[in-house]
Amino acid sequence: MDTSNPAVFVNAELLQFYVGRRVRAVMQVVRSEGGVVIGKSTDEKQLVVKGPPPPAPLTNFVEVIGIVDNDRSIRAEIWTNFGNVIDMFSYNKLCQLANGEFKHLFV
């Protein structure tokens, strides 16, 4: 596993702490228009992802790895389809743990 440039697990609320840094976020795709994907983060807040379009058609849920532009926007590097059903509540809890008291357990 390459740990030279880790991507922190985040939801939309946590983006403000990682501007300019590499993150990973899961979102429900709401719409895609002209190089911008609008989605709902695991914490129910809007998330905007910009950058090169994904290589395949998007499923309902995707993970995006990229650089945080601002407190609600990510510049995409890698897209991964997560299918049409995911437990958003559990993933949101993972984000909270990865940025809270168990931060040391995550790269």
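Residues numbered from 1 in each chain as written. Predicted model: local features only at pLDDT ≥ 70, side-chain atom pairs only at ≥ 80, totals over all residues. Heavy atoms only, no water.

- The name recorded for the protein in an unreviewed UniProt entry is Replication protein A 14 kDa subunit B, from Arachis duranensis.
- In the Subcellular location (unreviewed entry) part of its UniProt record, the protein is described as follows: "Nucleus".
- We quote the UniProt Sequence similarities (unreviewed entry) comment for the protein here in full: "Belongs to the replication factor A protein 3 family." (UniProt positions renumbered as here; feature names shortened; annotations may be inferred.)

1. Overview of the nonpolar core
Here is step 1 of the chain: Counting residues in hydrophobic clusters, the biggest one holds 23 residues, and the most contacted among them are Val 10 and Trp 79.
Here is step 2 of the chain: At the level of elements, strand S2 (22-33), strand S4 (46-50), strand S5 (61-70), strand S6 (73-81) and helix H1 (88-98) are the ones that each hand at least two residues to this core.
Here is step 3 of the chain: In contact with Trp 79, other than residues within four places in its own chain, are Met 27, Val 37, Val 49, Pro 52, Pro 53, Pro 54, Leu 58, Val 62, Glu 63 and Val 64. (Core = buried A, V, L, I, M, F, W, Y, C linked by side-chain atoms within 4.5 Å. Buried < 20%, exposed > 50% of the residue type's maximum accessible area, 1.4 Å probe, protein only. Helix = DSSP H or I, 4+ residues; strand = E, 2+ residues; numbered from the N terminus. Contact = heavy atoms within 4.5 Å.)

2. Re the side chain of Asp 43
Here is step 1 of the chain: Relative to the elements of secondary structure, Asp 43 occurs in the loop between strand S3 (36-41) and S4.
Here is step 2 of the chain: Lys 45 is the oppositely charged side chain nearest to the buried, salt-bridge-free Asp 43, at an N-O distance of 4.3 Å.
Here is step 3 of the chain: At a separation of 3.5 Å, a polar atom in the side chain of Asp 43 contacts the main-chain amide nitrogen of Ala 12.
Here is step 4 of the chain: Excluding residues within four positions of it along the chain, Asp 43 makes contact with Asn 11, Ala 12, Glu 13 and Asn 92. (Lys, Arg positive; Asp, Glu negative; His and termini not counted. Salt bridge = Lys/Arg side-chain N within 4 Å of Asp/Glu carboxyl O. Polar contact = N/O pair within 3.5 Å; in protein donor to acceptor, adjacent residues only side chain to side chain.)

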